[in-house]
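Now for the letters of each chain:
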Amino acid sequence: MKKDSYALGKNLAQMLKGGVIMDVTTVEEACIAESAGACAVMALERVPADIRWDGGVARMSDPKMIREIQKAVTIPVMAKVRIGHFAEAHILEALEVDFIDESEVLTPADESAHIDKSQFQIPFVCGAIDLEQALRRIQEGAAMIRTKGEAGTGNVVEAVRHMRAIQLQIQSVTKMSRKALVAYAKKTGFRLELLEAIHKEKKLPVVNFAAGGIATPADVALMMELGAEGVFVGSGIFKSENPQKTAKAMVEAVIHYRDSKKLAEISEGLGKAMAGQEVETLAVKMQER
Amino acid sequence: MERRNVQVGVVAFQGGIEEHILVGERLGVAVKRVLSLQDAKDLTHLIIPGGESTVIGHHMVSTGLDAFCEKQNEKGNLKLWGTCAGAILLGKKASPYSLDCIDVDLERNAYGRQMDSFSTLISVQGGEGNIPAVFIRAPRIVRVGKGVRILASYEGEPILCRNENVLISTFHPELTESSTMHEYFFSQF
């Protein structure tokens, strides 16, 4: 049996496309997410909005809670580790989660280095604010990329900024001559074959989702139009007035993002979305991590 | 590639949709995205892709594509192929959304979690040489009924089966460079 964990991880990400990955903090929430049509759940102790509110150090979740969620649902279960905290990642690997999110939403553990993700059998997803961050994470072994956005704010503006930056920079790589690609690879230290893949496919060599501040079906549609292949919704579901309805609406929105009549139906009568925050007023900007 | 005039669609709610479209392009076959009954109207062949069977199944029911597929397939008007999640939906028992289009029982995530995903080379009955097969959180075929032919097995267990109008594979040929399975579906159904 041939085993190429990295390729298999990229393949799992491909199967998540067109889906919504929902943050859940309890078995009950995980079941709501699954029955609403989430393509995966992210098991964590507190959603980003609460992490912001509570302050303090945010860490990997209790393995007991992750195990209980794994038992409760049949869809893939993801979990977060702190940036650079490879010991937490080894624990999640022992739990056999389906994907590890090396996430800026938790308090970073290492300011000098991210995890060497190539050492793991479980695939990683990482946040990025632009193409260079995305490529650095991919070179470290990330099998999937998401925008960082600004988690826990219910404000989509940063996710939009990051997705636009990534798409614009992909366009400029696409236009580079062979000579310019080689020079760019030399200057940045990115592997030439990575740049060549972007040049050829006009997209990242791994699946790219939107995340950070997505609070409504319209936000979902916006991110899909900007080139996201699916979305992560964190606080946006279980901090809304009607999580069940909101969760379903998010799933519908990712499928029907091009159909504005459907989007109008989907958006109707959802109750209050999560309370949002202006990014300028934040004490901590997670995207800078 | 030899084939009749085929009109191919792929159920496009969630999962590995683009991958099937790209293999189609390699073979010179346009593969249309199907999100509604209207989209499925004139098709001769429909692929249900990999992804999450709960998500795809739910939307097939809410759009009426489930009943449409069953009916058209029974009449022989619409040939169906399910890969991974798609196989779960076309077979029996594995999901509340299973359509019973082929007399095969499947079990979801039967190899385990992502840690247990794998790729290998398989040989297909009647085919030349081996083709690559990728198994991602794959289901297992646990029973094969009458009138169902096993076209390939892995470690003694069936992974590719067909009847008159339905093909199911528990693996993903669309994640590889090989177009063999698509060619087979378009020409042998």
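Our subject is the structure listed above.
Since we're looking at a predicted model, the values are computed, not measured. The numbering scheme is per chain: residues are counted from 1 as the chain's sequence reads. Chain letters and ligand numbers both follow the written order, the letters beginning at A and the numbers at 1. Selection of residues for local features in this predicted model requires a pLDDT of at least 70, selection of side-chain atom pairs for listing and counting requires 80 or more, and totals for whole chains, interfaces and linings are taken over all residues. Each side-chain value is worked out from all heavy atoms of the structure, with water and hydrogens disregarded.

Draft legend 1. View of the overall build of chain B. Helix numbers and strand numbers start at the N terminus; a helix is a DSSP run of H or I with at least 4 residues, a strand a run of E with at least 2. What chain B contains, in helices and strands, is six helices and eleven strands. For a compact globule the rule gives 2.2 Å times the number of residues to the power 0.38, and the radius of gyration it is set against comes from C-alpha atoms. A compact globule built from 189 residues should have a C-alpha radius of gyration of about 16 Å, and chain B, at 15 Å, falls within 12% of that. Dimensions of chain B, computed from C-alpha atoms along their principal axes, come out at roughly 40 × 35 × 30 Å. A burial count over chain B gives 62% of its 189 residues as buried. Here, residues are in contact when the closest pair of their heavy atoms is within 4.5 Å. Restricting the contact set of chain B to residue pairs at least 6 apart, pairs at least 24 apart contribute 64%. Of the roughly 7,500 Å² of accessible surface on chain B, a fraction of 44% belongs to carbon and sulfur atoms. The sign given to each residue is positive for Lys and Arg and negative for Asp and Glu; His and the chain ends receive no count. The atom standing in for a charge is NZ when the residue is Lys, CZ when it is Arg, CG when it is Asp and CD when it is Glu. Of the side-chain charges in chain B, 19 are positive and 22 negative, and the distance between the mean point of each set is 5 Å. Residue burial is assigned from relative accessible area. The probe radius is 1.4 Å, only protein chains are included, and a residue is buried under 20% of its type maximum, exposed over 50%, and partly exposed in between. A 1.4 Å probe and the Shrake-Rupley method give the accessible areas. Residues count as covered only by the protein chains that appear here.

Draft legend 2. Structural view of the sheet that holds strand E3 (residues 77–82) of chain A. Residue and element names in this part refer to chain A. Any two strands with at least two DSSP bridges between them are considered paired. Across the sheet, eight strands lie side by side as E7-E6-E5-E4-E3-E2-E1-E8; this open sheet has parallel pairing. In this open sheet, the two strands that pair with only one neighbour each are strand E7 (207–209) and strand E8 (231–233). Averaged over all pairs of adjacent strands, the angle between their axes in this sheet comes to 30°, without regard to strand direction. An axis is simply a line fitted to the C-alpha atoms; with a helix, the fit covers only the stretch in contact. Between two such axes, the angle follows the N-to-C directions and lies from 0 to 180 degrees. Relative to the sheet, helix H5 (residues 86–94) contacts E3, strand E4 (99–103) and strand E5 (124–128), its axis offset from that of E3 by approximately 160°. Running over the sheet, helix H12 (residues 243–255) touches strand E1 (20–24) and E8 and is turned about 160° from E1.

Draft legend 3. The sheet that holds strand E4 (residues 79–83) of chain B, seen in detail. All names here are of chain B. Spatially, seven strands are ordered E2-E1-E3-E4-E11-E10-E9 in an open sheet, and the strand pairing comes out mixed. The open sheet has two edge strands, strand E2 (31–34) and strand E9 (149–154), and neither has a second partner. The mean inter-strand angle of the sheet, taken between neighbouring strand axes irrespective of direction, is 25°. Note that E9 and strand E10 (residues 157–162) share five bridges and pair antiparallel. For Tyr154, the partnering residue across the bridge sits in E10 and is Glu157.

Draft legend 4. View of the packing of aromatic side chains. Centre distance within 6.5 Å is the pairing criterion for rings of Phe, Tyr and Trp, where only the six-membered ring of Trp is used; planes under 30 degrees apart are then read as stacked, over 60 as edge-to-face, and the remainder as tilted. The tally for this structure, following the rule as stated, stands at 13 aromatic pairs over all chains. For the pair Tyr184 of chain A and Phe190 of chain A, a centre-to-centre distance of 6.3 Å together with 65° between the ring planes defines the contact as edge-to-face. When the ring of Tyr111 of chain B is compared with that of Phe118 of chain B, the centres are 5.4 Å apart and the planes differ by 70°; the resulting orientation is edge-to-face. Using a relative accessible area of 18% as the deciding quantity, one classes Tyr111 of chain B as buried.

Draft legend 5. Local environment of the side chain of Arg137 of chain A. Residue and element names in this part refer to chain A. Looking at the element boundaries, Arg137 is found in helix H6 (residues 131–140). In protein, a polar contact requires one atom able to donate a hydrogen and another able to accept it; more generally it is a pair of N or O atoms within 3.5 Å, and residues adjacent in sequence count only if both atoms are side-chain atoms. Among the polar contacts listed, one links the side chain of Arg137 to the side chain of His114, at a separation of 3.3 Å. Leave out the neighbours within four places in its chain, and Arg137 touches His114, Lys117, Cys126, Gly127, Ala142 and Ile145.

Draft legend 6. Fine view of the pairing of E10 of chain B. All names here are of chain B. Among the six residues of E10, five are classified as buried, and the element is accordingly described as predominantly covered. Between E9 and E10, which pair antiparallel and follow one another directly, the connecting turn spans two residues, one of which, Glu155, has a positive phi of 50°. Here E10 runs beside strand E11 (residues 166–169); their pairing, made up of three bridges, is antiparallel. Bridging from a neighbouring strand, Leu160 pairs with Ser169 of E11. Between the antiparallel neighbours E10 and E11 lie three residues.

Draft legend 7. The interface of chain B and chain A, seen in detail. Across the boundary between the two partners, chain B contributes 29 residues, which contact 29 residues of chain A. For the pair chain B and chain A, the summed buried surface comes to about 2,600 Å²; carbon and sulfur atoms form 55% of the total. Among the residues chain B hides against chain A, the three largest losses belong to Arg113, Gln114 and Met115 of chain B. Together they make up 27% of the total. Each salt bridge in this description consists of a side-chain nitrogen of Lys or Arg and a carboxyl oxygen of Asp or Glu lying within 4 Å of one another. On inspection of chain B and its partner chain A, the count reaches two salt bridges. Summed over both partners, the accessible surface that disappears when two parts come together, traced with a 1.4 Å probe, is what is meant by buried area.

Draft legend 8. Quick look at the pairing of E5 of chain A. Residues and elements named next belong to chain A. With five of its five residues buried, E5 lies for the most part within the structure. For E5 and strand E6 (residues 144–147), the ladder comprises four bridges, and the chain directions are parallel. Within E6, the residue paired with Val125 across the bridge is Met144. Call a crossover right-handed when, viewed with both strands pointing away from you, the route from the first strand across the helix to the second goes clockwise. Once you follow E5 into H6 and on to E6, the crossover reads as right-handed.

Draft legend 9. Region of the structure containing the pattern of salt bridges. Under the definition given, this model contains 26 salt bridges over all chains. Notably, a salt bridge pairs Arg161 of chain A with Glu158 of chain A, separated by 2.7 Å at the nearest N-O pair. Taken together, the residues span about one helical turn, with Arg161 of chain A and Glu158 of chain A both in helix H7 (residues 157–175) at a distance of three residues. According to the relative accessible area criterion, Arg161 of chain A is partly exposed, its value standing at 49%. Since its relative accessible area comes to 6%, Glu158 of chain A is described here as buried. Between Arg33 of chain B and Glu18 of chain B there is a salt bridge, with its nearest N and O atoms 2.7 Å apart. Of this pair, Arg33 of chain B sits in strand E2 while Glu18 of chain B sits in helix H1 (residues 17–27), and the two are 15 residues apart along the sequence.

Draft legend 10. Fine view of the packing of H1 of chain B against helix H6 (residues 180–188) of chain B. All names here are of chain B. One way to put it is that H1 packs onto H6 with a least axis distance of 10 Å and a crossing angle of 75°. Comparing the axis directions of H1 and H6 gives the class roughly perpendicular. Residues His20, Val23 and Leu27 of H1 form the contact with H6, whose participating residues are His182, Glu183 and Phe186. Under the scheme applied, nonpolar residues are Ala, Val, Leu, Ile, Met, Phe, Trp, Tyr, Cys and Pro; charged residues are Asp, Glu, Lys and Arg; polar residues are all the others, including Gly. The residue makeup of the contact of H1 with H6, split by class, is three nonpolar, two polar and one charged. Orientation labels follow simple angle bins: below 35 degrees gives roughly parallel, above 145 gives roughly antiparallel, 65 to 115 gives roughly perpendicular, and whatever is left gives oblique.

Draft legend 11. Representation of the nonpolar core in the model. In this text, buried Ala, Val, Leu, Ile, Met, Phe, Trp, Tyr and Cys residues form a nonpolar core when linked through side-chain atoms within 4.5 Å. Within the largest apolar cluster, 86 residues are counted, with the highest numbers of intra-cluster contacts made by Met22, Ile69, Leu92, Met223 and Val231 of chain A together with Met60 and Ile168 of chain B. Ranked by the residues each element gives to this core, the list is headed by H12 of chain A, at seven residues. Discounting residues that sit within four places of it in the chain, Leu92 of chain A has contacts with Met60, Ile66, Ala79, Lys80, Val81, Val97 and Ile100 of chain A. Ranked by size, the runner-up nonpolar core spans 32 residues in total, among them Leu27, Val124, Ile131 and Phe171 of chain B.

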